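An overview of the molecular structure
What follows is each chain in one-letter form.
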Amino acid sequence: MEPARRPLVSQLWVKNRCCEGVLDRGRGALSWEELQPRPQRDRGLCLARVLHRARGLIGRLTEQYPSVCHSVPISEIIAIEAETEQKRCNSVTWQKFKSHSFKVHYAQRVQKNRWRCCEVTFWCKDEELCHQWIQAIKELLELQTSRPKHLLVYINPYGGKQQGKQIYEQKVAPLFSLASITTDVIVTERADHAKDNLFEVNLEKYDGVISVGGDGMFSEVMHGLIGRMQKDSGIDQNNPIAPLAPCNIRIGIIPAGSTDCICYATVGINDPVTSTLHIIIGDLQFMDVCSVHHNNTFVKYSASLLGYGFYGDVLKDSEKNRWMGPTRYDFSGFKTFLSHHYYEGTVSFQQANQTLGSPRDKSTCRSGCNICKQSTQEVEEKRRQHHYNLEETEHNADWKVIRGKFMAINAANMSCACPRSPKGVSPAAHLATGTIDLILVRNCSRLNFLRHLIRHRNRDDQFDLAFVDVYRVRAFLFTPKHSEKEDTDNKDVGKKHFNQICNGNHSSCGCNHVNSIWNCDGEALDHAAVEVRVHCQLIKLFARGIEEDSKPEDACNPIRV
Ligand SMILES: Nc1ncnc2c1ncn2[C@@H]1O[C@H](COP(=O)(O)OP(=O)(O)OP(=O)(O)O)[C@@H](O)[C@H]1O
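Quick caveat: nothing in here was measured; it's all calculated off a predicted structure. The written sequence of each chain sets the order in which its residues are numbered from 1. Given that this is a predicted model, residues contribute local features only at a pLDDT of at least 70 and side-chain atom pairs are listed and counted only at 80 or more, while totals for whole chains, interfaces and linings are drawn from all residues.

Focus on the overall build of the chain
Assigned secondary structure in the chain consists of 14 helices and 21 strands. Residue burial in the chain is summarised as follows: out of 561 residues, 42% are buried. Residue pairs at least 24 apart in sequence account for 74% of intrachain contacts in the chain once pairs closer than 6 positions are excluded. Secondary structure elements are defined from DSSP: runs of H or I of at least 4 residues count as helices, runs of E of at least 2 residues count as strands, and each element is numbered from the N terminus. Whether a residue is buried, exposed or partly exposed is read from the other C-beta atoms within 10 Å of its own C-beta, which are placed from the backbone; 20 or more gives buried, 12 or fewer gives exposed, and intermediate counts give partly exposed. Think of it this way: build a C-beta for each residue from its backbone, and any pair within 7 Å is a contact.

Notes on the UniProt feature "domain: DAGKc" (unreviewed entry) in the chain
UniProt positions are given in the numbering used here, feature names are shortened, and annotations may be inferred rather than shown by experiment. Within this numbering scheme, the UniProt entry marks residues 146-296 as carrying the feature "domain: DAGKc" (unreviewed entry). With 37% helix and 23% strand, residues 146-296 has its two end C-alpha atoms placed 38 Å apart.

Quick word on the site of the ligand
Close to the ligand lie 21 residues, the nearest being Gly159, Gly213, Gly214, Gly216 and Gly257. Considering each element in turn, the shell around the ligand owes the most residues, four residues, to helix 6 (residues 215-233). Charged residues are taken to be Asp, Glu, Lys and Arg, nonpolar residues to be Ala, Val, Leu, Ile, Met, Phe, Trp, Tyr, Cys and Pro, and polar residues to be all remaining types, Gly included. Tallied by class, the residues present in the shell around the ligand amount to four nonpolar, twelve polar and five charged. Proximity of a residue to a molecule or strand is defined by its backbone-placed C-beta atom lying within 6 Å of that partner.

Remarks on the confidence of the model for the chain
For the chain, mean pLDDT is 85; residues scoring 70 or higher make up 81% of the total. For every residue, the predictor states its confidence as a pLDDT score lying anywhere from 0 to 100. Low confidence marks residues 40-46, where pLDDT is under 50. Its contacts with residues over four positions away, or in another chain, come to six contacts. Between residues 551-561, whose pLDDT stays under 50, and residues either more than four places distant or in other chains, the model counts 22 contacts. Model confidence for the complex is summarised by a pTM of 0.86, with the ipTM given as 0.97.

A short note on the pairing of strand 21 (residues 530-541)
Within strand 21, twelve of the twelve residues are buried, which leaves the element mostly enclosed by the surrounding structure. One bridge is not enough; two strands pair if DSSP finds at least two bridges between them. Taken together, the two bridges between strand 11 (residues 250-255) and strand 21 define a ladder with parallel strand orientation. The partner of Arg250 across the bridge, within strand 21, is Lys540. Pairing between strand 12 (residues 285-294) and strand 21: eight bridges, direction antiparallel. The residue bridging Phe286 from the neighbouring strand is Lys540, located in strand 21.

Concerning the packing of helix 4 (residues 164-178) against helix 8 (residues 272-280)
Axis lines are fitted through C-alpha atoms, for helices just across the contact stretch, and the angle between N-to-C directions can take any value from 0 to 180 degrees. In contact at an axis separation of 9 Å, helix 4 and helix 8 are set at 30° when each is read in the N-to-C sense. In terms of their interaxial angle, helix 4 and helix 8 are classed as roughly parallel. Considering only the axes of helix 4 and helix 8, their crossing is right-handed. For the pair helix 4 and helix 8, contact is made by Ile167, Lys171, Val172 and Leu175 and by Pro272, Val273, Thr276 and Ile280, respectively. Class assignment for the residues of the contact of helix 4 with helix 8 results in six nonpolar, one polar and one charged. Orientation categories follow fixed angle ranges, with anything under 35 degrees roughly parallel, anything over 145 roughly antiparallel, 65 to 115 roughly perpendicular, and all other angles oblique. Take the far helix as the reference: if the near one is turned anticlockwise from it by less than a right angle, the crossing is left-handed, and if turned clockwise, right-handed.

Quick notes on the packing of helix 9 (residues 310-320) against helix 10 (residues 327-339)
Interhelical geometry of helix 9 versus helix 10 gives an angle of 125° and a closest axis separation of 8 Å. When the axis of helix 9 is compared with that of helix 10, the two are oblique. Note that helix 9 runs across helix 10; the crossing there is right-handed. Seen from helix 9, the contacting residues are Phe310, Asp313, Val314, Asp317 and Ser318; seen from helix 10, they are Arg328, Tyr329, Ser332, Gly333, Lys335 and Thr336. Its residues assigned to classes, the contact of helix 9 with helix 10 comprises three nonpolar, four polar and four charged.

Points about the sheet that holds strand 7 (residues 114-124)
The sheet built from seven strands is open, its strands ordered 4-3-2-1-7-6-5 with antiparallel pairing. With partners counted over all chains shown, the strands left at the sheet margins are strand 4 (69-73) and strand 5 (77-83), one partner each. Pairwise comparison of adjacent strand axes, ignoring direction, gives a mean angle of 35° for this sheet. Across eleven bridges, the pairing between strand 6 (residues 100-111) and strand 7 is antiparallel. Within strand 7, the residue paired with Phe102 across the bridge is Phe122.

Spelled out as structure tokens, the structure:
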């Protein structure tokens, strides 16, 4: 083995314990294991290690005794610092051994999907050896080329509980500085500030764009970046079948809004420190984006959920009650449920290939998802050969048409899991396969609709109901039965009879809604008639998807020291 690839192995002291430290350059891991466990110090090295391994194992089973084997992947080391100042300590052993030291900061899983930055200080008698360790770890960190060095940060100071600035200054900025990441920070002064700025700024200077805020702020940053990419590539966003230029810069989300669904569905938790650590270590998650057009005019992009009927009505009502804060969603959800409206129209859709799974799959899209990986290879190949063409698939595909009365039409670009609905609207939806799950909830009784809603929160299959159809699609069109002009006229009449509970057919309630609105990632769209197409892996996030059963303390995985 070449010397540069050989593991670096030596005795190191951690607190007052003597360990064997191993820097395995091939495997890319730093590990340390106690050599002389205190209770067995005089029994000889081998016996002590055997005993301690056994105790570690029992400890893991009974959670009474700490494990002694620690390992951190280099990719999860945040920083290494040479400790300059000698700290005083009463222990004789400490004074003897801690003459030279270095500190390693690393990401540790402390709870399901929650990460924290932990640190461990290693001491060694020999200055040269200490220097060798620092150099070797630094060299390995320099090989982590996916890590960002310079970031552009947008903070919405008014998102959520208006804590965006404090969250950034107290929880995020110190970690960026520890990891030697420099930033240009813009605190937004108005809606669309970030979006407009993204059309002007020199993006080549940055390795990523960070959105500090909620889903609305993320959507603004995403629109700015996608719009900028199309402008630079001369692509007309108004053409619904134009293949869009992918964003070549990653977006990071620091959750600080009232709804942080995109962060939750891509990281597994809405926690600013966890998201910061994913940004620092340079994680990458591709994500599909849907384009929404009306009459050959671009309307909006959607990254999470497009909802007509129930979710559209909840949004419309919640906007009137913004003063309530996040509770407005529960209030409006309850009101909308009672009003029980259905809407008539025609849905046409183009179903996706079976190899991309089904919305009824039991398995969910997790970190390293094989179906998403397969799509990455296909998209890369098509883009390389300039074959990525929506027009082509459009003509070759069969379109299915369904006419009816719908309580809800939902198109989920991801599971849309969030703390309120941990399974999400479509639990098996993928993040990056170029498909969306189209859920059609037909007109049904209140009780049946309640059963469907309740199933978003429990273990039962929310699609296993006679009035619910679900399809994995690449594109869909919706045409309401009533024209938008007709709807406007009816609404004017309805205003006179405001506040009555509707029985669903709108004839007796006086509300006279004949059309609902589309809720596009939490924003209302002006048109009911839409054309929606999925753009496979159009954007990239600093995330890795939700980790499968990420256990906080694993045998040979990072352990609190
Ligand atoms: N300085 C600002 N003043 C007013 N609005 C802003 C400002 N900066 C950004 N915005 C807008 O605020 C909206 C909501 O932001 P954000 O998502 O961060 O908060 P939120 O509380 O989660 O909001 P919501 O849940 O209502 O979407 C975004 O659409 C964004 O365009």
